[in-house]
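So you can see what is in the structure, the chains are spelled out below.
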Amino acid sequence: MPPSPPILRVIEREQHPISRKNISKSALRVLYRLNEAGFDAYLVGGAVRDLLLGRQPKDFDVATNATPEEVRQLFRNCRLIGRRFRLAHVVFGPEIIEVATFRAGDDDGSGDREMENGRLVRDNVYGTIEEDAVRRDFTANALYYAVSDFTVRDYVGGFDDVGARVLRLIGDPESRYREDPVRMLRAVRLAAKLDFTIEAASAEPIARLAPLLAEASNARLFDESLKLFLAGHAERGFELLERYGLLEHFLPDVATALALDASGLCRQMLVTALRDCDARVAEEKSVTPSFLFAALLWPAYAHDLQVLLSQGHDLAVAEQRAADRVTLRQGSRIAIPRRFSTPMHEIWWLQSRFPQRQRKRVFRLLAHPRFRAAFDFLELRASAVPELREEAQWWAQAQSVPSDTLAAQLVGKTAPARARPASQEPGTEGESPSRGTRRRRRPRKAAE
Ligand code: ATP
Ligand code: MG
């Protein structure tokens with residue numbers, strides 16, 4: 001698609017609210033130094049968009065006509081990263097300013113494709129500012145702020161789109177999604193984060209092209225999943241994933257669980273988990289990928305576990321296999337690194353230990369390194385399953401009393417508490433060991 005040459009609109013200082021006060025000192029230093037050396041340099045991307053919206057940018061990116069090597073010569077605290085698209089990172093203590101040379105042509109944002117048709121492609125990578133603007137994803141992400149005259153430069157109509165809180169793909173939406181299917185997730189994520197609407201022509205192809213997510217790299221989809229769910233707007237992001245038909249291609253097991261969720265328990269548990277995540281981010285508390293994925297994939301795990309138990313496997317074997325199966329299936333879309341999938345499995349496996357109240361087992365569980373996460377997870381399950389509330393309260397109390405008091409309470413406890421019927425768990429609807437693997441199928445609820 002040969003794009004018509006973009007027309008520059010210059011927005012003068014008095015027509016926009018961006019003030020140097022709100023720009024990181026490090027970014028300003030980089031911009032001034034590049035300008036002094038005779039290069040063009042702009043603040044670009046999410047930072048300009050966020051400043052226009054009165055939000056504090058997460059990071060400050062710079063675009064310039066200096067090559068990465070030229071940038072390196074200007075800054076001692078600079079290292080070059082990336083392969084096909086080399087980027088300069090200028091490091092100021094904990095802050096990194098990413099400096100990218102204007103690029104021509106398509107870019108999937110991952111910055112590390114080196115080969116095309118088995119051949120190194122390093123020629124023709126750099127381009128003009130106009131080319132750099134039109135290779136970006138949304139108009140709102142393609143604005144350039146210059147410290148030399150305090151103007152905002154707009155080649156694609158992004159300034160008005162930010163004003164109207166609209167996400168609009170640059171160029172033909174279908175081809176832009178085909179070039180890089182992750183842009184569909186970015187649309188949903190940015191709409192959730194910024195409270196923007198996805199403009200109709202940019203929204204229309206998403207449901208149709210959603211299956212293309214299967215072709216995206218599962219490592220990149222993992223990164224996207226964290227930005228989507230652990231950045232404080234998970235609940236809204238999830239709603240939009242469902243509304244645009246992306247969920248079944250991004251988290252297929254979650255979509256299946258929700259399709260079978262006649263009682264609404266799954267949804268209730270998921271929404272609670274996502275809301276808790278958002279609340280923790282708002283309070284600047286830590287949120288972990290292990291806990292997030294444990295919650296998202298719990299119904300699938302509980303379902304597979306029930307099936308394996310009904311086939312006569314021992315609990316330990318069934319737990320191990322169910323966890324492996326779910327992780328393997330999800331891994332075809334989102335590659336959850338082992339450092340997160342291992343704790344996720346532990347969180348799941350510890351759930352079957354909570355009903356056991358013999359003294360030795362209680363103390364062993366309390367001392368388990370994953371106890372706290374597993375207990376938080378029990379509370380999450382209990383928020384959807386009333387039968388679990390007594391159990392959660394019991395373990396809350398067990399943690400709050402001195403250990404000798406707890407030991408005294410547990411004297412004589414040798415038999416495990418009566419097991420609960422497992423069919424009340426989200427994901428196990430219509431399943432029980434005695435009923436085998438028969439499934440009660442419900443028609444899929446239409447998306448909102
Ligand atoms: P956030 O505030 O969440 O970081 P962002 O828009 O800054 O949002 P980044 O992933 O940091 O997102 O990307 C920086 C910029 O790079 C974007 O604003 C956009 O201009 C460009 N970009 C990122 N990913 C893509 C992509 N897949 N296709 C085209 N351009 C992209
Ligand atoms: Mg950014």
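Here the residue numbers are simple positions, counted from 1 along each chain's written sequence. Each chain gets a letter, beginning with A, and each ligand a number, beginning with 1, in the order they are written. Only residues with pLDDT of at least 70 get local features here, since the model is predicted, and only at 80 or more are side-chain atom pairs given and counted; chain-wide, interface and lining totals rely on the full set of residues. The basis for every side-chain value is the complete set of non-hydrogen atoms in the structure, without hydrogens or water.

Engineer: Please clarify how the overall build of the chain should be interpreted in this entry.
Structural biologist: A count of helices and strands for the chain gives 20 helices and 12 strands. Think of it in three bands: with a 1.4 Å probe and only protein chains considered, a residue is buried below 20% of the maximum accessible area for its type, exposed above 50%, and partly exposed in between. For the chain, the proportion of its 448 residues judged to be buried stands at 49%. Contacts were defined at the residue level, with two residues in contact if any of their heavy atoms lie within 4.5 Å. In the chain, of all internal contacts separated by at least 6 residues, the share reaching a separation of at least 24 is 69%. With the model as given, the accessible surface of the chain reaches about 21100 Å², and the carbon-plus-sulfur share is 50%. Numbering goes from the N terminus for both helices and strands, where a helix is a DSSP run of H or I of at least four residues and a strand is a run of E of at least two. Accessible surface is estimated by sampling points in the Shrake-Rupley manner with a 1.4 Å probe; for residues, cover comes only from the protein chains shown.

Engineer: I would appreciate a short explanation of helix 18 (residues 371-384) in the present structure.
Structural biologist: Along its 14 residues, helix 18 runs 20 Å from first to last C-alpha, staying within 8% of the 20 Å computed at 1.5 Å per residue. Within the sequence span of helix 18, burial applies to F371, A374, F375, F377, L378, L380, R381, A382 and A384. How far a helix is expected to stretch is found by multiplying one less than its residue total by 1.5 Å.

Engineer: Looking at this structure, I do not really get the site of ligand 1. What am I missing?
Structural biologist: One heavy atom suffices: a residue is near a molecule or strand as soon as one of its heavy atoms comes within 4 Å of it. As a structural note, the neighbourhood of ligand 1 is formed by 20 residues, with R49, D180, R183, R189 and K193 the closest of them. As used in this structure description, the phrase polar contact means that two N or O atoms lie within 3.5 Å; if the pair is within protein, one of them must be able to donate a hydrogen and the other to accept it, and residues adjacent in sequence are counted only when both atoms belong to side chains. R49 has a polar side-chain atom sitting 2.9 Å from an oxygen atom of ligand 1. Residue D180 places a side-chain N or O atom 2.8 Å away from a nitrogen atom belonging to ligand 1. Top element by residues in the shell around ligand 1 is helix 7 (residues 182-194). It accounts for five residues. Each residue is assigned to one class: nonpolar for Ala, Val, Leu, Ile, Met, Phe, Trp, Tyr, Cys and Pro, charged for Asp, Glu, Lys and Arg, and polar for all the others, Gly among them. For the shell around ligand 1, the class distribution of residues is one nonpolar, three polar and 16 charged. Split by domain, the shell around ligand 1 shows at least three residues from each of two domains, domain 1 (1-165) and domain 2 (172-250). Each domain span listed reflects an automatic or database assignment of domains.

Engineer: What am I meant to see in unusual backbone geometry here?
Structural biologist: Working note: non-glycine residues mostly have negative phi, and peptide bonds are mostly trans. Positioned with a positive phi, F150 is a non-glycine residue whose angle comes to about 60°. Since its relative accessible area comes to 26%, F150 is described here as partly exposed. One non-glycine residue, R165, adopts positive backbone phi at about 50°. Along the polypeptide, R165 turns up in the loop between helix 5 (158-163) and strand 11 (166-167). According to the relative accessible area criterion, R165 is partly exposed, its value standing at 35%.

Engineer: Is there a simple way to think about the side chain of D137 in this case?
Structural biologist: Its place among the elements puts D137 in the loop between helix 4 (129-134) and strand 9 (143-145). Residue class for D137 comes out buried when judged on its relative accessible area of 8%. A distance of 3.0 Å separates the side chain of D137 from the side chain of N141, its partner in a polar contact. Only 2.6 Å separates the side chain of D137 from the side chain of R186, close enough to count as a polar contact. In contact with D137, other than residues within four places in its own chain, are R168, L169, I170, R176, R183 and R186.

Engineer: Explain helix 10 (residues 234-243) here, please?
Structural biologist: Side chains of residues three or four places apart in an α-helix project in the same direction, reflecting 3.6 residues per turn. Listed as buried for helix 10 are A234, G237, F238, L240 and L241. Down the axis, helix 10 shows its buried residues gathered within 165° of arc, on one side only. On the buried face of helix 10, the contacting elements are helix 7, helix 9 (218-229), helix 11 (247-250), helix 12 (252-259), helix 13 (265-282) and helix 14 (289-310). Positive backbone phi, approximately 70°, marks G245, located one or two places after helix 10. The arc in question is formed by the directions pointing from the helix axis toward the C-beta atoms.

Engineer: Is there a simple way to think about the packing of aromatic side chains in this case?
Structural biologist: The geometry of two aromatic rings is summed up by the distance between their centres and the angle between their planes. Aromatic rings from Phe, Tyr and Trp, with only the six-membered ring used for Trp, were paired whenever their centres fell within 6.5 Å, and each pair was classed as stacked if the ring planes differed by under 30 degrees, edge-to-face if by over 60, and tilted otherwise. Following the criterion strictly, the structure yields 15 aromatic pairs and no others. Considering the side-chain rings of Y144 and Y155, the 6.2 Å spacing of their centres and the 85° angle between planes classify their relative orientation as edge-to-face. Within this pair, whereas Y144 is found in strand 9, its partner Y155 is found in the loop between strand 10 (152-154) and helix 5, the two being separated by 11 residues in sequence. Judged by relative accessible area, which is 0%, Y144 ranks as buried. What links up through ring pairs into an aromatic cluster is the set F291, W298, Y301, W348 and F377.

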